[in-house]
Amino acid sequence: MKVYLDNAASAPMDPEVFEHMKPFFFEMYGNPSSTHAHGRALKNIIEQARRTIATNLNARPGEIIFTSGGTEADNMAITGAVEGMGIKHIISSPIEHHAVTHTIEHLEAQGRVTVSWLSVDGKGHIDLAELTELLKAHQHCLVSLMHANNEIGTLHDIQAIGELCREHGALFHSDTVQTMGGFRFDMETLPVDLATASAHKFYGPKGVGFLYVRKGINLPPLIHGGSQERSMRAGTENLASIAGMAFAYDKCQKMHDHKSQLLWDLKTYMQEQLREAIPGVSFNGDTSREKSIPTVLNTSFPGEAEDSLLLFHLDIQGISVSGGSACNSGANLGSHVLRTIGLTGAPLVQAVRFSFGPQNTREELDFVIGKLKEIVPASVM
């Protein structure tokens, strides 16, 4: 049996999404910026995709800017706020995705901003009182905090964070890559100014995403050239992927309740079975239903071996999981998230991120549990 439990890194494309995309590869092949009939038809497809996403978000179509994915959208939001909105100070968290932390560190190294890094507790939560004090001390700053952590699944209360930002005149950017397909957002009432999304996290194609930019926020382009995307992102649009992303997002929203319950059932079952099967197992981050997402279960196994060894054994058995963000793969630096929440020192733990999708089954989880019962004792010797 082959089991894929790395959906937080990339979810499999929904076959219906691929079918929706196929005509844009073979039949509708013009340039959306062309003024002839072929081009105008494709431009209409793009605008329909924009309206589909905006409608689901209760946003304006003009507030949706298509990008190559979440990383570009994060860079565009943060760098654009500095260049276009006069931001001189950024408040963020050390457990953000590197698309956020590295962008902020780059701007700081250039002397363009100063930075405050919030404290994070053992479950990955920030202290809203600390955030309040920093907002009082720094006027007109940017706050960049993800909705849910991609490694441990802990949720930030972006409603409360956004309200604090509004109260103190700060811009609020949230990396919503892990939650955009699994939550319902109402951008009319949610106090978030900038939000990022990546299609392959919600069963769409890779290499496409979007940035929500609240009306009235002016961001200069990262990529210069043509006037595509309202002159905010130059380059011929990735038509097939944009259409596929909108279709995938719309389907996720229509199936929200059913899919959410299915994913919670899988996560709860996996957690219960691991507790029974592996003495000494523990779970990282907040795993409560109120303060975490159903797609991620970060687990520490007993022993002092490197987690890469456990991942290797699982891979040999046909089980695909990860130790954290796929973007850190090969860096051999370990998880910055787990280090920050205090999982360091001796004895070392073997941390594995299991991340679930609606295509997974209890039968697959039982297979994984069975293999873990064989592997964990062997991997620590």
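Just above sits the structure.
Residues numbered from 1 in each chain as written. Predicted model: local features only at pLDDT ≥ 70, side-chain atom pairs only at ≥ 80, totals over all residues. Heavy atoms only, no water.

### What about the overall build of the protein chain?
- Secondary structure assignment for the protein chain yields 13 helices and 12 strands.
- Its C-alpha atoms give the protein chain a radius of gyration of 21 Å, within 12% of the compact-globule value 21 Å for 381 residues.
- Taking all 381 residues of the protein chain together, 56% fall into the buried category.
- Computing the positive centroid from 31 side-chain charges and the negative centroid from 42, the protein chain places the two 6 Å apart. (Helix = DSSP H or I, 4+ residues; strand = E, 2+ residues; numbered from the N terminus. Rg over C-alpha atoms; globule rule 2.2 N^0.38 Å. Buried < 20%, exposed > 50% of the residue type's maximum accessible area, 1.4 Å probe, protein only. Lys, Arg positive; Asp, Glu negative; His and termini not counted. Charge placed at Lys NZ, Arg CZ, Asp CG, Glu CD.)

### Observations regarding the packing of aromatic side chains
- Enumeration over the complete set of coordinates arrives at five aromatic pairs.
- Ring geometry for Phe25 and Phe26: centres 6.4 Å apart, planes at 55°, overall tilted.
- What makes Phe25 partly exposed here is its relative accessible area of 47%.
- An aromatic cluster is built from Phe202, Phe210 and Tyr249, whose rings are joined through pairwise contacts. (Phe/Tyr/Trp six-rings, centres within 6.5 Å; stacked < 30°, edge-to-face > 60°.)

### A short note on the environment of Thr295
- Locating Thr295 in the fold gives a position in the loop between strand S9 (282–284) and strand S10 (296–301).
- For Thr295 and Asn7, which are 288 residues apart along the polypeptide, the C-alpha to C-alpha distance reads 7.7 Å.
- Not counting the four nearest positions on each side in its chain, Thr295 is found in contact with Leu263, Phe354, Ser355 and Phe356. (Contact = heavy atoms within 4.5 Å.)

### Observations regarding the pattern of salt bridges
- Tallied over the full model, the rule gives 16 salt bridges.
- As a salt-bridge pair, Asp14 and Lys251 come within 2.7 Å of each other at their nearest N and O atoms. Taken together, the positions of Asp14 in the loop between strand S1 (3–4) and helix H1 (15–21) and Lys251 in helix H9 (residues 239–254) put the pair 237 residues apart, joining distant regions of the chain. The pair Asp14 / Lys251 is uniform in exposure class, with both members buried.
- Taking the shortest distance from any N to any O, the salt bridge between Glu229 and Arg50 comes out at 2.7 Å. (Salt bridge = Lys/Arg side-chain N within 4 Å of Asp/Glu carboxyl O.)

### Concerning the pairing of S10
- Burial analysis of S10 places six of its six residues in the buried class, which makes it a mostly covered element.
- Of the two faces of S10, the one carrying Val296, Asn298 and Ser300 and the one carrying Leu297, Thr299 and Phe301 are both buried.
- Alignment of S9 against S10, held across three bridges, turns out to be antiparallel. Each bridged residue has a counterpart across the sheet, and for Phe283 the counterpart in S10 is Thr299. (Pairing = 2+ DSSP bridges.)

### Remarks on the sheet that holds strand S6 (residues 171–175)
- Here seven strands make up an open sheet; going across it, the order is S2-S8-S7-S6-S5-S3-S4 and the pairing mixed. Here the strands that pair on one side only, and so sit at the sheet edges, are strand S2 (64–67) and strand S4 (114–117). Across this sheet, the average inter-strand angle for adjacent strands is 20°, counted without regard to direction.
- In this fold helix H7 (residues 158–167) packs onto strand S5 (142–144) and S6, with an angle of close to 160° to the strand it touches most, S6. (Axes fitted to C-alpha atoms, helices over the stretch in contact; angles between N-to-C directions.)

### Here's the deal with the sheet that holds S9
- Ordered in space as S9-S10-S12, the three strands form an open sheet in which the pairing is antiparallel. At either end of the open sheet lies a strand with only one pairing partner, and these are S9 and strand S12 (350–355). In this sheet, neighbouring strand axes are inclined to one another by 35° on average, regardless of whether the strands run parallel or antiparallel.
- Across the sheet, helix H10 (residues 256–277) lies against S9, S10 and S12, angled at about 10° from S10, the strand it touches most.

### Thoughts on the packing of helix H4 (residues 70–85) against helix H5 (residues 98–109)
- Running from N to C, H4 and H5 cross one another at 30°; their axes reach a closest spacing of 9 Å. By crossing handedness, the relation of H4 to H5 is classed as right-handed. Each of Thr71, Asp74, Asn75, Ile78, Thr79 and Val82 in H4 lies in contact with H5, whose residues at this interface are Ala99, Val100, Thr103, Ile104 and Leu107.
- In the contact of H4 with H5, the residues fall into six nonpolar, four polar and one charged. (Left-handed = near helix turned anticlockwise from the far one by under 90°. Nonpolar A, V, L, I, M, F, W, Y, C, P; charged D, E, K, R; others polar.)

### Digging into the packing of helix H3 (residues 37–57) against H9
- One can describe the packing of H3 onto H9 by two numbers: an axis separation of 9 Å at closest approach and a directional angle of 25°. Comparing their axes, H9 and H3 come out roughly parallel. Every pair of crossing elements has a handedness; the one defined by H3 and H9 is left-handed. Counting all contacts with H3, which are made through Leu42, Ile45, Ile46, Ala49, Thr52, Ile53, Asn56 and Leu57, the residues of H9 involved are Leu239, Ile242, Ala243, Met245, Ala246, Tyr249, Asp250 and Gln253.
- Across the contact of H3 with H9, the residue classes tally to 12 nonpolar, three polar and one charged. (Parallel < 35°, antiparallel > 145°, perpendicular 65-115°, else oblique.)

### So, the side chain of Glu237
- Relative to the helices and strands, Glu237 resides in the loop between helix H8 (228–231) and H9.
- Residues within four places of Glu237 in sequence aside, it is in contact with Pro32, Ser33, Lys43, Ile46, Gln228, Glu229 and Ile242.

### Side note on the nonpolar core
- In terms of nonpolar packing, the biggest core is built from 50 residues, with Leu57, Val143 and Phe202 touching the most fellow members.
- Those elements giving two or more residues to this core turn out to be H1, H3, S2, helix H6 (128–137), H7, strand S7 (194–198), strand S8 (209–213) and H9.
- Per element, the largest residue contribution to this core is nine residues, and it comes from H9.
- Leu57 has contacts with Ile64, Met180, Phe185, Asp186, Met187, Phe210 and Tyr249, leaving out every residue within four places of it along the chain.
- Listed in part, the 26 residues of the second largest apolar core include Leu274, Ile278, Leu314 and Leu365. (Core = buried A, V, L, I, M, F, W, Y, C linked by side-chain atoms within 4.5 Å.)

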